[in-house]
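If you want the building blocks of each chain, they are given just below.
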Amino acid sequence: MGEGWDGGHLHAIREGMVTTPYHAQGSRTCALTPPTPSPTTGAVAALRDVTFAWNRQAPPVLHIRQLDIAPRERVFLRGPSGSGKTTLLNLLAGVVLPQRGSVSVLGTDFGSLGGAARDRFRADHVGFVFQLFNLIPYLTVVENVVLPCLFSKRRRERAIATSGSVDADALRLLQHLDMADPAVLARPATDLSAGQQQRVAAARALVGAPELVIADEATSALDADRRAAFLDLLFRECAAAGAAIVFVSHDASAAHAFDRTIELGSSSLPPAGARQHLGAARRR
Amino acid sequence: MIIGLAWKSLRHRRLTAALTVASIALAVLLLLGVERMRTESRTSFAATISGTDLIVGARSSPVHLLLSSVFHIGNATNNIRRDTARALSERPEVAWTIPIALGDTHRGYRVIGTTGAYFEHFRFGAGRSLAFEAGKPLTADDEAVLGADVAHRLQYRLGSSIVLAHGAGEVSFVLHDDRPLRVVGILARTGTPVDRGVFVPLAALDAVHAAANVQGESDPLAAALKQRDGSSGGSLTAVLVGLKSRSAALGVQRSIGEYAGEPLTAILPAVTLLEVWEITGVVERTLLAVSSMVVVAGLAGMLVALLTSSSERRREMAILRSVGARPAHVAGLILGEATLLTLAGIASGVLALYVGLLLARGWIAARFGLFLAVAWPSAHELALMALVAAAGCLIGLIPAWRTYRVSLADGMTVRI
C-alpha cells in the first residue's frame, strides 16, 4: 500500500460546515469525524478506529476513526458506489466485524458477541429499509410488517405493549403511513406500487420500536415528489418511535433534511495503482 | 414459525411445488403399490386354500398344478382318470377328497366340475368353510352353484338357467346349449377365486362333452385323446385331498408319486406356494429396485427445484436476515420447504394408492384372481414412508446448507 491509496474517506459535514479530513499515519487511511466531543455513552452507535477489508489480502475498503450516532439523530450517509456504504451498513448491523477497531450499538460491543448473538441483537434493536423489492413476495402486507416480531421477542413485546397485539401495531404504523386501506392490505405485497412498498418496508423497520433505523437507498426507486413525502413519513415515525435514523444514499438531494451528513470518499475496490481519489472535501 | 413461512413460500410458488409434490407422489405410489401388491398377493394366495393337505394332478410342475387347480391361473396340461381319484379316496390315510374338473367356461367365468364334497370340505382363509348366500349345494346332475361375483355380475338368481361353453377363453364358439343347468345355490363372498367360479356336477360336464363328441371332432388327435379319457369314465384336472393326520402328508405324497396306474404329482399347497414366491421374488425385487430408483429421481427433482430457486431467492433471504433471521433460520426455511414437499408428496402418494386400490381392485380381481384388501398401511409400508421422508429431509439439507453459506456471506445485501 503506497501513497496512491487513499482508502475510504469519511467526511462528516455538520450543519453545512466542511471539516478538514483527518489523516491517520500514512496516507492510506483518512477518517473524518465531527469535531465536537462525541457522546460515547448513550450513543445509539459508536465506531472507533474501524478498519474493514473483505479478506486479508484485499486492501481495506473502509477506515473510520470515530463515528457516533446520537439517539434520535438523523444522519445522511452519502457516497458513490463502492465507497464503502454497504460495508458501513453491514458493520452497523453486526453482519460483519471489522478487522481492527470496535463497533458498538447501544453500548454493546459487537466484537464481544458471537454471530448468532449479533443477529439477535440486530433483530432487537435495528430496523431496515432497502431500495426496492423489500418485501417477501409470499407474505401479505401485514405479515411483512410483523416479520421482525417473529424473530425478536423484545420487539414483539414492545409492539404488544404499544398496540395490544403485533398485528394491531402493524396496522397502527400502516395507518400512519396511509397504508391501512383494506383494499391495499388485501393485495399481495408485490402488487403494490414502489412507493407503497417502501412505506410497508418503513412500517416493518419501525414495528416494535427499534432504537436505530437504517435505510439503504430507500428512496432511489421513487420519483422526487414521492421521495420527499416518504422521507417526511419516515422522519415523523422515527421521531414518534424515538429511533435514530441512518440514511444511506448515493444521491445527495435529500441531504438537507437531515441533522448531519457524512460523506464517504473514494471508490475502494479498483486495484491500488488505478485508484482514483473521488472523495475528499469536494462538497460545499 | 419457520414452517409457517415455508408453507406460505410454497403456496406462493404453487406450480413448481405442485409438480415436485406430484413427482414424489408418483414415486411413493409406485413404491407402495409394488409393496402392497407383493404382500397382498401373498396373503390373498395364502388365504385361498386352507385345510387341504395335498393336491393331486397329472405329472406336471407343482407350481403349475397349484396355480391351475386352486387359483384358476393357466390351464392344466394333462388330466387324471377318475378311477385314479377313486383309488386315492380309498386310501386309509385319506379323510376326504374333492374332485375338480376344469376346462369349460360360462360367459368368461371358470366352470368347476366337482361334487357335493366341495361345499362340505373346502376351506379358505383361516379354516373357514363355504357358506351359502342363497340355496343349497349340488345334488342333481342338472344343477349349478355360483360364486358371489358370478351371480352378481351376471345377475343370476336361484332358478336361472345357464349354458356352458367349451374352452377356458372369455369367448367361446362351442356352446353346450343343449344341456342347460339350473342355479340351485349362490355362495357367500369369500374374497378368493371361488367367488368367480361356476360349480357344476361332474356328470353335467360329462354329458355336455359326450354331446360335443357326437357332433364329431375335426382333429383326429384330440378325438383320440378324448376317447382315451372317456374310456375310464371321464377325467379330472386335480383332486384336493384331506388327510386324517397331517403328519402323514409326506408319506402319502411320496407313494402317490410312485402310483403305477398313471404318472401323478402330489403337492403340499403351502410348500408349493413358497416355490411360487421364490419365482415371483426375483420380479418383486426388480420392481422394488425400480420403484426405489423412481423415488430417488423424484427427490432429485425436488433438489433441482430447490437449488434453482435458491439463487433467485437470495434477495428474499437477505430481507429475512435484515428483519432478524439468523442464517440457521434461513437454512431452516429451505429445509422446511423440502420437508413439506416430501411429506405432501408422501401423503398424496398414499392417497393415490388408496384411490387406485378402490378403483382397480375389481379389475385386478377379475383379471388376476387377486383379491386386494383395502387395509391401513402395514408397519413395513410405514417404514418405507418414513424412509422416503428421511431421504427427503436429508436431500433438503443440501440446498439448506448452500443457502446457509450464501446467506452468511451475503448478509443483508446481495452481492452478485
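Residues numbered from 1 in each chain as written. Chains lettered and ligands numbered in written order. Predicted model: local features only at pLDDT ≥ 70, side-chain atom pairs only at ≥ 80, totals over all residues. Heavy atoms only, no water.

Draft legend 1. Highlighting the overall build of chain A. On a plain count of helices and strands, chain A comes out with 8 helices and 13 strands. Split into buried and exposed, the 284 residues of chain A put 54% on the buried side. Looking at chain A alone, contacts between residues at least 24 apart form 69% of all its contacts between residues at least 6 apart. (Helix = DSSP H or I, 4+ residues; strand = E, 2+ residues; numbered from the N terminus. Buried < 20%, exposed > 50% of the residue type's maximum accessible area, 1.4 Å probe, protein only. Contact = heavy atoms within 4.5 Å.)

Draft legend 2. Broad picture of the pairing of strand 13 (residues 260-264) of chain A. Of all 5 residues in strand 13 of chain A, 5 are buried; the element is thus mostly enclosed. With burial as the criterion, each face of strand 13 of chain A is covered, one bearing Arg260, Ile262 and Leu264 of chain A and the other bearing Thr261 and Glu263 of chain A.

Draft legend 3. Structural view of helix 1 (residues 85-93) of chain A. All names here are of chain A. Counting buried positions over the 9 residues of helix 1 gives 8, a clear majority of the element. Within the span of helix 1, buried status applies to Lys85, Thr87, Leu88, Leu89, Asn90, Leu91, Leu92 and Ala93. Just downstream of helix 1 lies Gly94, where phi reads positive at about 75°.

Draft legend 4. Fine view of the pattern of salt bridges. Residues and elements named next belong to chain B. Per the counting criterion, the structure on display carries 28 salt bridges over all chains. Asp195 is the salt-bridge partner of Arg189, the closest N and O atoms lying 4.0 Å from each other. A residue is classified by how much of its surface remains accessible, and Asp195, at 0% relative accessible area, is buried. Of the charged contacts, one joins Arg313 and Glu337 as a salt bridge, the two residues approaching to 2.8 Å between their closest N and O atoms. With Arg313 in the loop between helix 10 (269-312) and helix 11 (314-322) and Glu337 in helix 12 (residues 327-368), this residue pair connects regions lying 24 residues apart in the sequence. Exposure class is identical for Arg313 and Glu337. Each is buried. Taken together, the salt bridges that share partners define one network made up of Arg13, Arg313, Glu316 and Glu337. (Salt bridge = Lys/Arg side-chain N within 4 Å of Asp/Glu carboxyl O.)

Draft legend 5. Region of interest: the domain arrangement of chain B. Residues and elements named next belong to chain B. Domain boundaries in chain B define domain 1 (2-45 + 281-410) and domain 2 (54-267). Contacts between the two partners involve 6 residues from domain 1 and, on the opposite side, 9 residues from domain 2. Surface buried jointly by domain 1 and domain 2 totals about 620 Å² across both partners, of which 67% is contributed by carbon and sulfur atoms. Along the contact surface separating domain 1 from domain 2 lie 0 salt bridges. Where domain 1 packs against domain 2, one counts 0 residue pairs in polar contact (both at pLDDT 80 or more). Looking at the side of domain 1 that touches domain 2 element by element, the count peaks at 3 residues for helix 12. Of the residues contributing to the side of domain 1 that touches domain 2, the split by class is 5 nonpolar, 1 polar and no charged. (Domains from an automatic or database assignment. Buried area = accessible area lost by both parts, 1.4 Å probe. Polar contact = N/O pair within 3.5 Å; in protein donor to acceptor, adjacent residues only side chain to side chain. Nonpolar A, V, L, I, M, F, W, Y, C, P; charged D, E, K, R; others polar.)

Draft legend 6. Structural context of the packing of helix 2 (residues 14-48) of chain B against helix 13 (residues 379-410) of chain B. All names here are of chain B. With their axes 11 Å apart at the nearest point, helix 2 and helix 13 run at an angle of 160° to one another. Between helix 2 and helix 13, the interaxial angle falls into the category roughly antiparallel. As helix 2 packs across helix 13, the resulting crossing turns out to be right-handed. Listed contacts from helix 13 to Val28, Leu31, Leu32, Glu35, Arg36 and Arg38 of helix 2 are His380, Glu381, Leu384, Met385 and Val388. (Axes fitted to C-alpha atoms, helices over the stretch in contact; angles between N-to-C directions. Parallel < 35°, antiparallel > 145°, perpendicular 65-115°, else oblique. Left-handed = near helix turned anticlockwise from the far one by under 90°.)

Draft legend 7. Structural detail: the pairing of strand 7 (residues 74-78) of chain A. Residue and element names in this part refer to chain A. Across 5 bridges, strand 7 lies against strand 12 (residues 244-249) in parallel orientation. Note on strand 12: the bridge partner recorded for Phe76 is Phe247. Note that strand 7 and strand 13 share 4 bridges and pair parallel. In the sheet register, Val75 faces strand 13, and the bridge partner there is Arg260. (Pairing = 2+ DSSP bridges.)

Draft legend 8. Representation of the interface of chain B and chain A within the structure. Between chain B and chain A, the residue contacts involve 24 residues of the former and 28 residues of the latter. Taking both sides of the interface into account, the surface hidden between chain B and chain A amounts to around 2300 Å²; carbon and sulfur atoms contribute 67%. Inspection of the chain B/chain A interface yields 2 salt bridges. Taken together, the links from chain B to chain A amount to 4 residue pairs in polar contact (both at pLDDT 80 or more). Where the side of chain B that touches chain A is concerned, the elements lending two or more residues are helix 1 (2-12), helix 11 and helix 12 of chain B. Considering only residue class, the side of chain B that touches chain A consists of 10 nonpolar, 7 polar and 7 charged.

Draft legend 9. The arrangement of the nonpolar core in detail. In this structure, Ile55 and Tyr118 of chain B are the most contacted members of the largest nonpolar core, which totals 58 residues. In this structure, Ile55 of chain B is in contact with Ile49, Leu65, Leu66, Ser69, Val70, Ala238, Val239, Leu240, Thr265, Ala266, Ile267 and Pro269 of chain B, ignoring residues within four places of it in sequence. Residues Ala201, Val213, Ile245 and Ala254 of chain A belong to the second largest nonpolar core, which totals 42 residues. (Core = buried A, V, L, I, M, F, W, Y, C linked by side-chain atoms within 4.5 Å.)

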